[in-house]
Amino acid sequence: MTTPDHADPKIEAYLAKLRAQLRGFNDQQVAEIVAELRSHMIDKLAISGDAVTPAQVDAILAALGTPEELANQYITDNLLARAEVSRSPLRILDSLFRWASLSVAGFFVLISSVLGYFFGAVFILVAILKPFHPQTAGLWLLHESTGDPEFSFRMGFSSTPPDGRDLLGWWIVPLGLLAGCALVTLTTRSALWCARQYRKSRTLPPT
Amino acid sequence: MRPRDTTEQEAADKWEVQLRKGCLELAILAALWEGKLYGLEILRRLESDSDLIVSEGTIYPLLSRLKSVGLVRSEWVESDAGHPRKYYALTGAGKQRGREMAGMWARFSSSMDKLLAPLVRGK
């Protein structure tokens, strides 16, 4: 793969912006993306003829969308591709962080997913720790007598709270595992659904 | 009545856009069925052989995704124009997926045709 030796300054500026937005892809992926788009633009310029006007360059760039929009498309498509290979929450979150850095939609999906995975992990952790701390780990209701009750997931590393009771007892083990796994799965599916909707909304030019 | 007509037209347009989006992946696999093509050629093939007008900013990320999941592979080829072009070709998995999707499409389309025949004839 060689790099074409001629390109318009506007095109180079566009590609530099895109390159910056594609942080998170590895260097080889970024180089391939940029080289392919440069090749596309050179082909489009060739169609325009020998005397290329600035307006024609602007039209070619506009057809691709802004660098931010294009980077968004690459990131959400990459998220969906990674999800087809592996649905590991860490991989999903890694892609969501990149998406969030570029769009408000991505930011909200990231925040929701972080919360979903966090509470899923808490449920699972409490369930796992219950056999090791049978007296203290679990879902507790605290300060009931003061009229200001609050729920608390306790891992069991601290002492038994004086004004509280373990709500689920040993039921936290099956229920915690079930709720935790369900929450993690639901979070992954929701994030991918949002990514698909986002991508679909930008697939065809407005009619 | 005009606002209602406009809303109905918008709903119909929206449905048509969703329908076209849904078959974009199959359309790309079909465009590559007879051999390797580069991005701009795929866009032109979609435009000439179907009504799918795909935005240029969509096709490249989508091709990148299809490559990531192993449905297409790519190679750089030096062109007569003096610059390299990235060509895409179907992998074995891509051909299989294309055949499966085309089969589903044919069955679905055939059953819908029967159902829709009276509407199309305007009865």
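Read on for a plain summary of the structure. (Residues numbered from 1 in each chain as written. Chains lettered and ligands numbered in written order. Predicted model: local features only at pLDDT ≥ 70, side-chain atom pairs only at ≥ 80, totals over all residues. Heavy atoms only, no water.)

### Some points on a positive patch on the surface
Then, in step 1: On the surface, Arg87(A), Arg189(A), Arg196(A) and Lys200(A) cluster together into a patch of positive charge.
Then, in step 2: With respect to the element layout, Arg189(A) can be found in helix α7 (residues 172–200). (Patch = residues over 30% accessible without salt bridge, like charges linked within 9 Å, V, L, I, M, F, W, Y side chains within 5 Å. Areas by Shrake-Rupley, 256 points an atom, 1.4 Å probe, with all protein chains shown as cover. Salt bridge = Lys/Arg side-chain N within 4 Å of Asp/Glu carboxyl O. Lys, Arg positive; Asp, Glu negative; His and termini not counted. Charge placed at Lys NZ, Arg CZ, Asp CG, Glu CD. Helix = DSSP H or I, 4+ residues; strand = E, 2+ residues; numbered from the N terminus.)

### A few points about the nonpolar core
Then, in step 1: Core analysis: the biggest nonpolar cluster contains 60 residues, and Leu37(A), Leu96(A), Ile28(B), Ile42(B), Leu46(B) and Ile59(B) have the highest contact counts within it.
Then, in step 2: With seven residues, the single largest contributor to this core is helix α4 (residues 67–85) of chain A.
Then, in step 3: If we skip the residues at most four places from it in the chain, Leu46(B) touches Leu24(B), Ala27(B), Ile28(B), Ala31(B), Asp51(B), Leu52(B), Val54(B) and Ile59(B). (Core = buried A, V, L, I, M, F, W, Y, C linked by side-chain atoms within 4.5 Å. Buried < 20%, exposed > 50% of the residue type's maximum accessible area, 1.4 Å probe, protein only. Contact = heavy atoms within 4.5 Å.)

### Describing the pattern of salt bridges
Then, in step 1: For the coordinates displayed, the defined rule picks out 10 salt bridges over all chains.
Then, in step 2: In this structure, Arg85(B) engages Asp43(A) in a salt bridge whose closest nitrogen and oxygen atoms are separated by 2.7 Å. In this pair, Arg85(B) sits in strand β3 (residues 84–90) while Asp43(A) sits in helix α2 (residues 27–48), so the two residues belong to two different chains.
Then, in step 3: The partner of Glu25(B) in a salt bridge is Arg97(B), and the shortest N-O contact between them spans 3.1 Å. Taken together, the residues span a long stretch of sequence, with Glu25(B) in helix α2 (residues 24–31) and Arg97(B) in helix α5 (residues 92–121) at a distance of 72 residues.
Then, in step 4: The class for Glu25(B) is buried, based on a relative accessible area of 16%.

### Description of α5(B)
All names here are of chain B.
Then, in step 1: Relative to the 44 Å expected for 30 residues at 1.5 Å per residue, α5 spans 41 Å between its end C-alpha atoms, a close match to the ideal helical length.
Then, in step 2: Largest kink in α5: about 50°, centred on Leu-115, with the proline Pro-118 one to four residues after it.
Then, in step 3: At the C-terminal side of α5, Gly-122 shows a positive phi close to 80°. (Expected span 1.5 Å × (residues − 1). Bend = angle between axes of the 7 residues up to and from the residue.)

### Looking at the sheet that holds strand β2 (residues 150–154) of chain A
Picture the strands of a sheet paired through backbone hydrogen bonds; they go either parallel or antiparallel.
Residues and elements named next belong to chain A.
Then, in step 1: Pairing in this open sheet of three strands is antiparallel, and the strands run β2-β1-β3 from one edge to the other. Looking along the sheet, the strands with just one partner apiece sit at the ends: β2 and β3 (164–166). Neighbour-to-neighbour, the strand axes of this sheet turn through a mean angle of 30°, independent of strand direction.
Then, in step 2: In terms of strand pairing, strand β1 (residues 138–142) meets β3 through three bridges, oriented antiparallel. From the neighbouring strand, Leu-142 faces β3, where its bridge partner is Gly-164. (Pairing = 2+ DSSP bridges. Axes fitted to C-alpha atoms, helices over the stretch in contact; angles between N-to-C directions.)

### Describing the environment of Gly176(A)
Residue and element names in this part refer to chain A.
Then, in step 1: Note on placement: Gly-176 falls in helix α7.
Then, in step 2: Linking Gly-176 and Val-126, residues 50 residues apart in sequence, is a C-alpha distance of 7.0 Å.
Then, in step 3: With near-sequence residues (within four places) excluded, Gly-176 lies in contact with Phe-123, Ile-124, Ala-127 and Trp-171.

### Digging into a nonpolar patch on the surface
Then, in step 1: Residues Val104(A), Phe107(A), Phe108(A), Ile111(A), Leu115(A), Phe118(A) and Phe119(A) make up a contiguous nonpolar surface patch of roughly 700 Å² in combined accessible area.
Then, in step 2: Examined against the element boundaries, Val104(A) turns out to sit in helix α6 (residues 104–129).

### With respect to the sheet that holds β3(B)
Residue and element names in this part refer to chain B.
Then, in step 1: If you trace the three strands from one edge of the open sheet to the other, you get β1-β3-β2, paired in antiparallel fashion. In this open sheet, the two edge strands, each paired with only one partner strand, are β1 (37–38) and β2 (72–78).
Then, in step 2: Strand direction decides the pairing type here: β2 and β3, joined by seven bridges, are antiparallel. Bridge pairing links Val-77 to Arg-85 in β3.
Then, in step 3: The strands touched by helix α4 (residues 56–68) are β2 and β3; relative to β2, the strand with the most contacts, the crossing angle is about 120°.

### Remarks on α4(A)
Then, in step 1: An ideal rise of 1.5 Å per residue puts 27 Å on 19 residues; α4(A) measures up with 27 Å between its terminal C-alpha atoms.
Then, in step 2: For α4(A), a buried count of 15 out of 19 residues is recorded, marking the element as mostly surrounded by other parts of the structure.

### Description of the side chain of Lys130(A)
Residue and element names in this part refer to chain A.
Then, in step 1: Mapped onto the secondary structure, Lys-130 falls in the loop between α6 and β1.
Then, in step 2: The exposure class assigned to Lys-130 is buried, which follows from its relative accessible area of 1%.
Then, in step 3: From its side chain, Lys-130 meets the backbone oxygen of Pro-134 in a polar contact 2.9 Å long.
Then, in step 4: Once residues within four sequence positions are removed from consideration, Lys-130 is found in contact with Ala-137, Asp-166, Gly-169, Trp-170, Ile-172 and Val-173. (Polar contact = N/O pair within 3.5 Å; in protein donor to acceptor, adjacent residues only side chain to side chain.)

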